[in-house]
Amino acid sequence: MNININFDNKELLNKIINVLILLAVFVLLGIIVHKIFNSNVGVEKYHKGMQLFAQNDYQNAYYNFVRVPKNSKYYYLALFRQGMCAEKLGDNKTQAEKYEEFVNHSNNSLTAEAAFKSGLAYYFDKSYSDAEKMFKKAAKAPIGADEKFSNYTIAANYYLGELTKEKNPKSALNYYIEYLKNTDVARFSQKSAVEADKILSADNKLSLKEEEYFYLAKALFLAKDYQKAEKYFDLSQEVQAWILKAENYTKLGQKDKALALLNTGFENYSSELEAKDLTVAINNFANKNPSAIANIPEKKQKS
């Protein structure tokens with residue numbers, strides 16, 4: 001009797017195993033078919049969305065991008081496109097959220113743009129803590145070889161300065177200087193220079209490196225605030241600042257100082273200049289003292 005029971009149990013066990021194997025095969029086949037179907041749907045919806053976006057039909061483009069399945073290779077790129085559609089439609093909330101979701105799952109050349117645009121949408125909606133978080137991500141994001149993406153990392157520093165100037169002036173100062181370091185005449189150059197000057201003037205314990213004073217002086221000079229520029233040129237390294245500093249003296253009507261500095265510059269620093277900057281310096285010198293152009297001090301060679 002015991003032998004028959006064991007035999008029956010073994011036969012039942014084999015049947016159960018066979019059924020489970022069949023179920024596993026069916027489940028696996030279902031998963032494969034589902035993935036293939038979703039993959040095809042993802043490609044179809046993404047390309048349809050791109051087509052509609054190109055036709056300026058941003059609402060329907062958005063609906064197609066939303067329908068790209070999560071397991072599609074286009075899913076995260078579709079998130080970025082959803083942010084683009086929301087941006088075109090003026091929907092700050094969706095713009096901020098979709099770009100942020102993309103940033104949280106991606107780290108490529110689009111990350112800086114997505115983080116910046118998410119931060120900007122939060123900023124305009126007065127969600128300042130979220131804006132600060134996203135601008136920080138934009139400032140640190142990889143930019144790759146495409147220069148346009150670096151514009152987002154640079155601009156993020158200006159907004160970070162604006163967001164922190166009341167609660168943390170020292171951090172704001174660093175953000176403004178980082179912005180000026182990477183720009184000459186840009187949209188926020190003058191405002192960044194003015195704000196940096198305000199912070200330094202309000203707290204004499206704060207200071208900058210010599211090269212940072214030069215970035216600030218240069219921005220104020222380009223903004224035609226020659227009096228304030230002079231103060232920061234004086235705190236800069238002369239080897240870096242002498243050409244613009246001399247030009248600033250000229251703007252202030254101090255021609256003798258300008259000529260003296262140019263004379264010193266040619267004698268001591270001209271070997272540090274690139275050819276184009278040396279040409280500018282010679283032209284400046286000649287314009288201020290045409291009779292002395294033949295007597296420009298011979299530049300010292302680099303040792």
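These remarks concern the structure in this document. Residue indices begin from 1 for each chain and proceed along its sequence in written order. Given that this is a predicted model, residues contribute local features only at a pLDDT of at least 70 and side-chain atom pairs are listed and counted only at 80 or more, while totals for whole chains, interfaces and linings are drawn from all residues. Here the side-chain values reflect all heavy atoms present in the structure, with hydrogen atoms and water set aside.

1. Some points on the packing of aromatic side chains
Geometry of an aromatic ring pair is reported as the spacing of the ring centres plus the angle between the planes.
Here is step 1 of the chain: Aromatic pairing here means that ring centres of Phe, Tyr or Trp (its six-membered ring) are within 6.5 Å. Orientation follows from the plane angle: under 30 degrees is stacked, over 60 is edge-to-face, and everything else is tilted. Applying the stated criterion to the full structure yields 28 aromatic pairs.
Here is step 2 of the chain: Residues Y46 and Y74 carry aromatic rings whose centres are separated by 4.7 Å and whose planes lie at 20 degrees to one another, so their mutual orientation is stacked. Here Y46 is found in helix α1 (residues 2-54), whereas its partner Y74 is found in the loop between α2 (58-66) and α3 (75-89), with 28 residues between them in sequence. Here Y46 matches Y74 in class, with each residue buried.
Here is step 3 of the chain: For the ring pair Y158 and Y176, a centre distance of 6.3 Å and an interplane angle of 55 degrees mean the geometry is tilted. Here the residue Y158 occupies a position in helix α7 (residues 147-164), and Y176 occupies one in helix α8 (residues 169-181), the gap between them amounting to 18 residues.
Here is step 4 of the chain: Here the aromatic residues F116, Y123, F124, Y128, F135, Y152, Y158, Y159, Y176, Y179 and F188 are joined through ring pairs into a cluster of three or more. Here a helix means four or more residues in a row that DSSP labels H or I, a strand means two or more in a row labelled E, and each is numbered from the N terminus. Each residue's exposure class comes from its accessible area (1.4 Å probe, protein chains only) as a fraction of the maximum for that residue type: buried when under 20%, exposed when over 50%, partly exposed otherwise.

2. Focus on the side chain of S118
Here is step 1 of the chain: Mapped onto the elements, S118 comes out in helix α5 (residues 111-124).
Here is step 2 of the chain: On the accessibility criterion, S118 (0% relative accessible area) is buried.
Here is step 3 of the chain: Ignoring sequence-local partners within four residues, the contact set of S118 consists of A96, Y99, E100 and M134. In what follows, a contact means two residues having at least one pair of non-hydrogen atoms within 4.5 Å.

3. Topic: the nonpolar core
As a rule of thumb, soluble globular proteins bury nonpolar side chains together.
Here is step 1 of the chain: F116, F135, L173, I177, L180, L200 and L216 are the most contacted members of the largest nonpolar core, which totals 67 residues.
Here is step 2 of the chain: Not counting chain neighbours up to four residues away, the residues in contact with L173 comprise A196, I199, L200, L206 and L208.
Here is step 3 of the chain: Throughout, nonpolar core names a set of buried Ala, Val, Leu, Ile, Met, Phe, Trp, Tyr and Cys residues whose side chains join them through atoms within 4.5 Å. Ranked by size, the runner-up nonpolar core spans 9 residues in total, among them W242, I243, L261 and F266.

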